Amino acid sequence: MAPGAVIGWDMGAALALAQALGINPLIAAELLPEVEAVMVRKLNEQMEGRRNG
């Protein structure tokens, strides 16, 4: 996290969580970057909206 913005996830932690949940690590590694990109964009939009309004 940068001051006032989310720049990405800790992928090591995300993969460890996926493994703990029983998700195939190869599938998680394939899907997590796409999920991360959407979540980072949405979180930053939400934080920007709170600052402006």
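Attention here is on the structure that accompanies the text. (Residues numbered from 1 in each chain as written. Predicted model: local features only at pLDDT ≥ 70, side-chain atom pairs only at ≥ 80, totals over all residues. Heavy atoms only, no water.)

Attention shifts here to the environment of V6. As for its placement among the helices and strands, V6 is situated in the segment before α1 (11–20). Judged by its relative accessible area of 13%, V6 falls in the buried class. Once the C-alpha coordinates of V6 and M39 are considered, the two residues, 33 residues apart in sequence, prove to be 9.3 Å apart. (Helix = DSSP H or I, 4+ residues; strand = E, 2+ residues; numbered from the N terminus. Buried < 20%, exposed > 50% of the residue type's maximum accessible area, 1.4 Å probe, protein only.)

With 28 residues, helix α2 (residues 25–52) should reach 40 Å at 1.5 Å per residue; the first-to-last C-alpha distance of 39 Å fits that figure. The sharpest bend along α2 comes to roughly 35 degrees, located at L31, with the proline P33 sitting one to four residues further on. Those residues of α2 that are buried lie in contact with α1. Sitting at the head of α2, N24 places a side-chain oxygen 2.8 Å from the backbone nitrogen of L26. (Expected span 1.5 Å × (residues − 1). Bend = angle between axes of the 7 residues up to and from the residue. Contact = heavy atoms within 4.5 Å. Polar contact = N/O pair within 3.5 Å; in protein donor to acceptor, adjacent residues only side chain to side chain.)

What follows concerns the pattern of salt bridges. Summed over the entire model, instances satisfying the criterion amount to 2 salt bridges. Across the salt bridge formed by K42 and E45, the nearest N and O atoms sit 3.7 Å from each other. Of this pair, K42 and E45 are both found in helix α2, 3 residues apart, which corresponds to roughly one turn of the helix. For E45, a relative accessible area of 43% gives the class partly exposed. Across the salt bridge formed by E48 and R51, the nearest N and O atoms sit 2.8 Å from each other. In this pair, E48 and R51 both sit in helix α2, 3 residues apart, roughly one turn of the helix. We classify E48 as partly exposed; its relative accessible area is 36%. (Salt bridge = Lys/Arg side-chain N within 4 Å of Asp/Glu carboxyl O.)

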